[in-house]
Each structure stands twice: as C-alpha cells, then as structure tokens.
Amino acid sequence: MASQTFEEISPADFFYRNREIAGFTNPSRAIFAAIRELVENSLDAAEAFAVPPNIYVRLSDEQDSTPGTYLLRVQDNGSGITSRHIPSAFGQVLFGSKYKLKQSRGTFGLGGTMAVLYGQITTHKPAQIISSTASSKVYKYRIMVDIQRNKPVILERRILLNRDRWHGTIVEFSLEGDYYRAMPKILDYFKQTALVNPYANITFVDPKGRLYKFTRVTTKMPSPPKETLPHPYGVDVEKVKRLVRVTPHNNMLDFMKSHFHRISENIAKRFIEFADISPKKNPRKLNPQEIVKLVHMMKRYEDFRPPSASCLSPLGEDLLKAGILKALKPEFTAVCQRKPSTYAGHPFIVETAMAYGGEIPKRGDFILYRFANRIPLLYDEASDVSFRVVKSFNWRRYKASQDMPIAVLVHICSTKIPYKTVGKEFIADRPEIKREVLNGIRDVARRLKRFLSKREHVAKEKRRLNIFSKYLPKIAKFTTELAGREEEPDIEKLLLSVRKVDRKKTDD
Ligand SMILES: Nc1ncnc2c1ncn2[C@@H]1O[C@H](COP(=O)(O)OP(=O)(O)O)[C@@H](O)[C@H]1O
Ligand SMILES: [Mg+2]
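Residues numbered from 1 in each chain as written. Chains lettered and ligands numbered in written order. Predicted model: local features only at pLDDT ≥ 70, side-chain atom pairs only at ≥ 80, totals over all residues. Heavy atoms only, no water.

### Re the overall build of the protein
Within the protein, the secondary structure is distributed over 13 helices and 14 strands. Against the compact-globule benchmark of 23 Å for 508 residues, the protein has a radius of gyration of 30 Å, which places it well outside the compact range. For the protein, the spread of C-alpha atoms along the principal axes amounts to about 115 × 70 × 65 Å. Counting every position in the protein, which comprises 508 residues, the buried fraction comes to 50%. Summarising the internal contacts of the protein: among those between residues at least 6 apart in sequence, 72% fall at separations of at least 24. Taking the average place of the 87 positive charges on the side chains of the protein and the average place of its 56 negative ones, the gap between the two points comes to 3 Å. (Helix = DSSP H or I, 4+ residues; strand = E, 2+ residues; numbered from the N terminus. Rg over C-alpha atoms; globule rule 2.2 N^0.38 Å. Buried < 20%, exposed > 50% of the residue type's maximum accessible area, 1.4 Å probe, protein only. Contact = heavy atoms within 4.5 Å. Lys, Arg positive; Asp, Glu negative; His and termini not counted. Charge placed at Lys NZ, Arg CZ, Asp CG, Glu CD.)

### Notes on the pairing of strand β2 (residues 69-76)
Burial runs high along β2: 7 of the 8 residues are buried. Strand direction decides the pairing type here: strand β1 (residues 54-61) and β2, joined by 7 bridges, are antiparallel. Its bridge partner being in β2, Asp61 is matched across the sheet by Tyr70. In the sheet, β2 pairs with strand β6 (residues 167-176) via 8 bridges, with the strands oriented antiparallel. Each residue of the ladder has a partner; that of Asp76, found in β6, is Thr169. (Pairing = 2+ DSSP bridges.)

### A few points about the sheet that holds β6
Spatial strand order, β5-β4-β3-β6-β2-β1-β7-β8: 8 strands in an open sheet with mixed pairing. Each of the sheet's edge strands pairs with one partner strand only, and the pair in question is β5 (151-161) and β8 (211-214). Neighbour to neighbour, the strand axes of the sheet diverge by 15 degrees on average, direction disregarded. Across 4 bridges, the pairing between strand β7 (residues 201-205) and β8 is antiparallel. For Thr203, the partnering residue across the bridge sits in β8 and is Lys213. Sitting on the sheet, helix α5 (residues 179-196) touches β1, β2, β7 and β8, and the angle it makes with β7 is about 170 degrees. (Axes fitted to C-alpha atoms, helices over the stretch in contact; angles between N-to-C directions.)

### A short note on the domain arrangement of the protein
Domain boundaries in the protein define domain 1 (11-214), domain 2 (232-300), domain 3 (311-449) and domain 4 (452-507). On a C-alpha basis, the centroid separation for the pair domain 3 and domain 4 is 44 Å. For the pairing of domain 3 and domain 4, the buried interface totals around 480 Å² over both sides, and the portion due to carbon and sulfur atoms is 48%. Of all residues in domain 3, Tyr356, Lys399 and Lys449 bury the most surface against domain 4, accounting for 65% of the area lost on that side. (Domains from an automatic or database assignment. Buried area = accessible area lost by both parts, 1.4 Å probe.)

### Some words on the packing of helix α2 (residues 27-48) against helix α4 (residues 111-123)
The angle between the axes and the distance between the axes are what describe a pair of packed helices. At a minimum axis distance of 8 Å, the contact between α2 and α4 shows a crossing angle of 140 degrees. Between α2 and α4, the crossing angle belongs to the class labelled oblique. Crossing geometry of α2 relative to α4 is assigned as left-handed. Of the residues in α4, those touching α2 at Pro27, Ala30, Ala34, Glu37, Leu38 and Asn41 are Gly111, Gly112, Ala115 and Tyr118. (Parallel < 35°, antiparallel > 145°, perpendicular 65-115°, else oblique. Left-handed = near helix turned anticlockwise from the far one by under 90°.)

### Some remarks on the site of ligand 1
Contacts to ligand 1 come from 21 residues, most closely from Asn41, Ser97, Lys98, Gly109 and Gly112. Here an oxygen atom of ligand 1 and a backbone polar atom of Phe108 are 3.3 Å apart. Within the backbone of Leu110, one N or O atom sits 3.2 Å away from an oxygen atom of ligand 1. Relative to its unbound accessible surface of 530 Å², ligand 1 loses 93% to contact with the protein. The set of elements that each furnish at least two residues to the shell around ligand 1 consists of α2, α3 (86-91) and α4. When residues in the shell around ligand 1 are grouped by element, the largest group, 3 residues, is from α4. A per-class count over the shell around ligand 1 returns 7 nonpolar, 12 polar and 2 charged. (Near = heavy atom within 4 Å. Polar contact = N/O pair within 3.5 Å; in protein donor to acceptor, adjacent residues only side chain to side chain. Areas by Shrake-Rupley, 256 points an atom, 1.4 Å probe, with all protein chains shown as cover. Nonpolar A, V, L, I, M, F, W, Y, C, P; charged D, E, K, R; others polar.)

### Here's the deal with the nonpolar core
Residues Phe24, Ile35, Val57, Leu72, Phe173, Ile186 and Phe190 are the most contacted members of the largest nonpolar core, which totals 52 residues. The element contributing the most residues to this core is α2, with 9 residues. Sequence-distant contacts of Val57, defined by excluding residues within four places in its chain, comprise Ile35, Val39, Leu72, Arg73, Val74, Phe190, Thr203, Phe204 and Val205. By size, the runner-up hydrophobic cluster in this structure holds 37 residues, among which are Val350, Met354, Tyr398 and Ile441. (Core = buried A, V, L, I, M, F, W, Y, C linked by side-chain atoms within 4.5 Å.)

### Topic: the side chain of Arg105
Summarising the element assignment, Arg105 is placed in the loop between α3 and α4. The exposure class assigned to Arg105 is buried, which follows from its relative accessible area of 3%. At 3.1 Å, the side chain of Arg105 and the side chain of Asp44 are in polar contact. Within polar-contact distance, the side chain of Arg105 engages the side chain of Asn197 at 2.6 Å. Residue contacts for Arg105: discarding those within four places in its chain leaves Glu40, Leu43, Asp44, Glu47, Asn197, Tyr199, Asn373, Arg374, Ile375 and Lys424.

### Points about helix α12 (residues 431-482)
For α12, which comprises 52 residues, the first-to-last C-alpha distance of 73 Å matches the rise-based estimate of 76 Å (1.5 Å per residue) to within 8%. Its axis deflected by about 30 degrees at Tyr471, α12 carries its strongest bend there, up to four residues before the proline Pro473. Phi turns positive one or two residues past the end of α12, at Gly484, with a value near 70 degrees. (Expected span 1.5 Å × (residues − 1). Bend = angle between axes of the 7 residues up to and from the residue.)

### Quick word on the packing of aromatic side chains
The tally for this structure, following the rule as stated, stands at 24 aromatic pairs. With a centroid separation of 5.9 Å and an interplanar angle of 20 degrees, the aromatic rings of Phe204 and Tyr212 are classed as stacked. The interplanar angle of 70 degrees and the centroid separation of 4.8 Å between the aromatic rings of Phe393 and Trp395 together place this pair among those described as edge-to-face. The class of Trp395 is buried, set by a relative accessible area of 8%. (Phe/Tyr/Trp six-rings, centres within 6.5 Å; stacked < 30°, edge-to-face > 60°.)

Next comes the structure, spelled out in structure tokens:
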C-alpha cells in the first residue's frame, strides 16, 4: 500500500488554490473583483470616518510588462489604517476590522488581500499602500504576501510628514487582467455603486485615459449602523461557549442580560425559568451538555423581542430616490422601505424601488438592479432570490409588461447577508427574505400601476381630442352648408371646453 503524505495549508494558500470562490475566476472577473473589493473598502472607510466618500480609481497599462498587465490605483478619503495594521490588512487573508455585528460591505477580511495576492501571483510585484489616519504622519509600505504562511512581508516602510492632516488610503499594485472584456461590467458596477451611494464622488480613469465621473447628488449620508450583541435566536453552541469563557458575570441572570441583544431583566428571568436553569448558576461552570441545552431552549423560547434595526443602515427612501433620479432619469419612480425583519436571529431590511421610462432601456425584460449592504451585485443574477421573485411576479395584475422600460431595484441590508459564495454575488432563498422582497415589490408595483393607468387614460383622451379637432371643423362646414347658413359656428369654444373637461379628468 502506498503511504499517504499529509500536509497543512494556510488560509492564504487555500484562497490561492481556490481563488475562484472569492470571485477571481479568470482575467476578466479578476480585474472586476479587484476594483470592486478596493472600492468597497474605500466606501466602508469613508463611512466609518463619517465623511462623504471621494474615491479615485485609475487603471493603466503597465509600461514595461507583457500586454494584459495593468497598474491599479485606488485612493480614498476614508479613516485610514493605523500603521501597525497596514501590512496585515493587505498581506494576510481573514484579517480585518469588520467581524462585528453591524452592517458593512466587508465581511470576511478577505477582499483587499485577495486582490493584492492575485496581483502578486500574476505579476510577481509588490503592492504599495499609503495611509494616514489624519495624524501627523503618513505611512508608506511596500509589501508582498507570504502565501504559505499567510503573513505579510514588508519590503519597505517609510514615514512622511502629514502637514495638512490628510486622512485616507492609497492602494496600488499590478495585476494581470482582461479589461476590455470586463469593461461593461466594470462601468455598470460604477454606475450602480453611484446609484446606491448617491453621497459619493467616484472617479474612474481607464487604460485608454477615458474619464468616468460620478458626482454626488447629496452630502447627506444614511445614519451609521451601531454595533450590536448577538440575538439569542442567532447563536449556536460555539458562540455561547466563547461567551462563557470570557464573561465577567457570575450568575445566569446577568450573563443573559449583558451578552445578548434586547434582553431585559424580566425577559432574562422568564427565560431562565423556562430553560429550567437556576438564576444564580455561574455561567462559567456550565458543562457542555448544559450549554447545548441552553442554546436549544433559546431557539424554542418564543418571547424574546425581535432584533432592533440599529445595527443596520438602510439607504432610506429619499436617498434611494435621489440615486435613481440621477442614474436613470426616469419619468416615474416609487420607492419603499420595509419594516425591519429577521431570519435566524439576523435582522434585515429590504428596500425596493421601481422606475419607468427615462434612460431605462426597453430590453424585452424587466431590468433588475440588485444591491446588498449598498454593494451592487452583477453576476449570477439567475441564482438570486430577487431575480426569482421578479420572474414569478404577476406583472399583468399591475398592468406592466416586459416591453415597457421598467427597472426594479432591490436592496437588502443585514448584519449577515446570506450570500451563497464568498465572492458576494448572489443571495440565497431564505423564505423570510423572499417574503419581504415580494411585499416590497408589490408595494412599488401598485404605485406603478396607478401611474400606468393614468398614462393610459391621458393617451386615450389625447387620441379623442385629436379626432375632435380633426373632424369638428369639417362637420361645422358641412352642417353650415346643409342649413343654408353663411357663418360657421365658433368651434374653438367647443374644443376648449372638451380640453377643459379632459384636463380636469386627468388631474384627478
Ligand atoms: N481603504 C481602506 N481604508 C481603511 N481601512 C481599510 C481599507 N482597506 C482595507 N482596510 C482594512 O483592512 C481590513 C481588511 O480588508 P479586506 O481584506 O478587504 O476585508 P474586509 O473588508 O472584509 O474586512 C478591513 O477590515 C479594514 O480594516
Ligand atoms: Mg473588503
């Protein structure tokens, strides 16, 4: 029998071998994914600093390299990164500051490093990161990723004076890619990012030197999300085990009250009674079976309050509308924000919108814009929950048909978006989310129906008026002759009164 050899690989090595699961499938997807990951980090960083984002992205041909190699530079005015964390933020996968229970674009501590890692394995060049947190210094690093050890390798570190207290981050590295194949998706990505972040300025310069500028329509930003505690419906045995290990409390009552979301003294008391645990029990002394039982009882207890939505940051109806008006210039828009809801203990909010006409093309199909935590989702549309809802929606009931220029927009925000892959492209069919998406689409579709009915009515009346004004003069002439009169009646008065009745009807 041949002897087996075993080895251990690091997380960076795993993502190096399986980069397609993080979205780096081929040269075209890779360039899209790299831009997207860095832009998302920049948007998160600006929002964390509570300033409207200014993001500058430049993709240029690498002069001295093989064709198909680009230099990507992304600059933002965000929070910046503290010097000691810069190397790991971009040189270590699964390292990040967003493993918190609040809404953010980043979730896995993966994207930025994946982009740098992809650049390194295709060009063998280091990445340069310049950052400052508005302190008196700007830090400049040149790093590479030690993939086998999942550690950054610092090639150069320089400190510069920061006289004007600049804050932000500049990331620059080379990567192989296929910009021209990826171009339509990249431009779509910027357009939709601008739509769902209408308070951001985004500039993109492509390898041909073409400039795409998306200017903010407002400086108003959605209120930032607050970090929250885990909801008892959303935890598992591992989570409770970790809490038990670190808790400073020595009785179950305080343990429940201080480590879980929305548990008051009263609810804690009642739950502990329900779970048949003594309120005086020291949580640190819970044995494995007791922890399993505790988690089990949490799932069964029906009187916990639903999670609050303070950890979420939906766009809000006004901003959503402003974004749509700017991007699509439609004749009609309706927006809707659903009330907060939950799945498996995770809060979420669905926002929907529908727009008609303007720059929305007639594609013979409804155009669906999907967003999650203010990120546009562009690939694998057919696998997404919103796509399924739109496909099976009873459009006829709402007077809408596929040959109309209609765009449907669905934005889902949550502390945990149920993405099906780490590439963050499509959202799983959770029944609770599906229901909210459907209700949200129904709400805006009803308003679209009213608009379409009114439009149809106006068109009908216009046709009627046209007929009147075409035949009335002739009728007037013939009847005057028939009656043997000389002077024709004044039809202008008659037409005017028809128009008046007409206007009144359409204004109602
Ligand atoms: N432009 C940026 N400004 C400030 N911090 C950043 C920026 N880009 C990355 N970071 C930091 O680096 C960490 C790792 O980034 P990334 O690998 O993209 O993971 P994620 O965004 O999922 O947390 C982030 O959590 C953040 O703390
Ligand atoms: Mg990220």
